[in-house]
Amino acid sequence: MQQLNSSHINQLPESVIRSDYNREQLGIGIVHLGPGAFHRAHQAVFTDNALAYGGDWGICGVSMRSKGVRDNLAEQDNLYTLAILDEQPAYQLVGAIKEVLVLGDQREQVMQRLTAPSTHIISLTVTEKGYCLNGDGLLDRNHADVQHDLAHPQQPNSAIGLLTAALAVRFDQNLGSLTIISCDNLADNGSKLGKAVVAFARELNAKLADWIEANICFPNTMVDSITPATDEALKQRVASAIELKDNWPIQREAFSQWVIEDEFSGPRPHWEKVGVTFTHDVSGYEKAKLRLLNGSHSTLAYTGLRCGFETVSEAVSHPALHKLISAMLLEEVKPSFSAPLEMDVEEYIQAILKRYANPHIRHLLAQIAWDGSQKLPFRLLGTIKDNLAKNNSIRLLSTGVAAWLHFLVNAAHKSLQITDPLADLLLASAKKCTGHSAEDVQTLLAIAQVFPAELAANQSFSKAVTEAYLTLADLNPQNIDSVLGKIE
Ligand code: CS2
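Residues numbered from 1 in each chain as written. Predicted model: local features only at pLDDT ≥ 70, side-chain atom pairs only at ≥ 80, totals over all residues. Heavy atoms only, no water.

Here we look at the overall build of the protein
Definition in use: What counts as a helix is a DSSP run of H or I of at least four residues, what counts as a strand is a run of E of at least two, and both are numbered from the N terminus. All radius of gyration figures rest on C-alpha atoms, and the globule criterion is 2.2 Å times the number of residues raised to 0.38. The buried label applies to any residue whose accessible area, calculated with a 1.4 Å probe on protein chains only, is under 20% of its type's maximum; exposed applies above 50%, and partly exposed to all values in between. Contact definition: two residues touch when any of their heavy atoms are within 4.5 Å. Accessible areas in this description were obtained via Shrake-Rupley with a 1.4 Å probe; residue shielding takes into account the shown protein chains only. Positive charges come from Lys and Arg alone, negative charges from Asp and Glu alone, with His and the N- and C-terminal ends not counted. Each charge is placed at NZ for Lys, CZ for Arg, CG for Asp and CD for Glu.
Broken down by element type, the protein carries 21 helices and twelve strands. Here the protein has a C-alpha radius of gyration of 23 Å; the compact-globule value for 488 residues is 23 Å, and the two agree. Along the three orthogonal principal directions, the C-alpha set of the protein runs to about 65 × 55 × 45 Å. Relative to its full complement of 488 residues, the protein shows a buried share of 58%. For the protein, the share of sequence-separated contacts (at least 6 apart) that also reach a separation of at least 24 residues comes to 76%. For the protein, the exposed surface amounts to about 19900 Å²; the carbon and sulfur share of it is 49%. Of the charged side chains in the protein, 41 are positive and 55 negative, and the gap between their average positions amounts to 2 Å.

Here it is as structure tokens:
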């Protein structure tokens, strides 16, 4: 089978969707840090579609460390296939990414792209841990990468250090006209990124920090599309659909949403023509998405794994888990925040549950279970904090937290690896747990990197988590109904 690349795209079957623009002539206007599956399924696709309306908005993807994307896409001129797997499967050829660089190997080229006058957007999907923030959401000066980058500002390893190095050059040349867009699942993602960059810059040069504050916008965003990791089955499926070999196709559901705060310090692609929402207040959308979708995703992941399920659709199709998640969303998450006026929250919840049940994608619970220490604060703990303040129930939300604690204890006692930047610390605490619920929960809530001191000391919170922890201790694939029945 021939390789997907520029010279073979004319052989693609008619059914493959293609955006209409001249890729040969396309210039680069966007540098994206972290061109992983989510970026390639989401922002790159919106941009690919928007290219039909003109503009030099090709993307240069910059991998912070891994070479996989660059090396796999090189053979295919950075083209790849997006498989939209839903009731009506569809395949789209995506060409918006024109170049992929790896920071470690190609520092100079990366800096040239970041500082080019033609670059007007830098966007990021570097995951929660890539922001080097402390529990208060501010730059963590004790973070090893931050310390390294402050000592070696010309050789940064972190996204914050890299952005600041690029902004220092742009400051010298007075090249504002650049917007930096965080596309990660953090509450107030843009504001947090902006503050972290300014704080980092201030350590080096107060004038630079002032210039960034005055000139560079960091809009908040909400991003949403369920994107399971690529597996062998997807590669085969795509090969038979496009009749060419694609080294690294991407899959996602049909639903895809991007809401961006309308604060730009320069031009941008015609994203508004292809379904992106621009608004002056993203927070309602972002809370709805982080708390309802990501909060229930993580809860489903940790409880579902304990029940012996592998995928989201298997887990949510079990009536007891469906009931638990749906009750948590309606009774405890919905009242915790103000949704945008145009959003019908109950409809949104039903739509999420339907998306989870999509049988056309295999979204592994184990994938969602990664990086719990980074995700839980945004997905569950903020909601719990708000509910405590309003005297609302936190019983079901605490089940999600307790399920994570069991996930850690189980891994520690069975010597299993977990993927989490705090893995060593988490597993060391979890190893101390003996099965006595109140003591185990006290031990684990003392992990200050995850649980803010005030929350850990809150009696209602520790009581609710302890009760849920005790109940979930018995949960196994054979007794799902009876154990989860006790919670509902
Ligand atoms: C998931 C998200 O892996 C995870 O933690 O909860 O990636 C989720 O699929 C996306 O945020 C959906 O937009």
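Some details on the site of the ligand
Spelled out, the test is: Being near a molecule or strand, for a residue, means having at least one of its heavy atoms within 4 Å of it. Residues adjacent in sequence count toward polar contacts only when both atoms are side-chain atoms; beyond that, a polar contact is any pair of N or O atoms within 3.5 Å, and within protein one must be able to donate a hydrogen and the other to accept it. Three classes are used: nonpolar for Ala, Val, Leu, Ile, Met, Phe, Trp, Tyr, Cys and Pro, charged for Asp, Glu, Lys and Arg, and polar for all others, with Gly counted as polar.
For the ligand, the full set of nearby residues is N185, D224, S225, I226, K289, L293, N294, H297, H363, I368, K375 and R379. Measuring from an oxygen atom of the ligand, one finds a side-chain N or O atom of N185 at 3.1 Å. D224 places a side-chain nitrogen or oxygen 2.6 Å from an oxygen atom of the ligand. When the free accessible area of the ligand is taken as 340 Å², the share hidden by the protein chains comes to 89%. A total of four residues in the shell around the ligand trace back to one element, the largest contributor, which is helix α10 (residues 283-306). Taken together, the residues of the shell around the ligand break down into three nonpolar, five polar and four charged.

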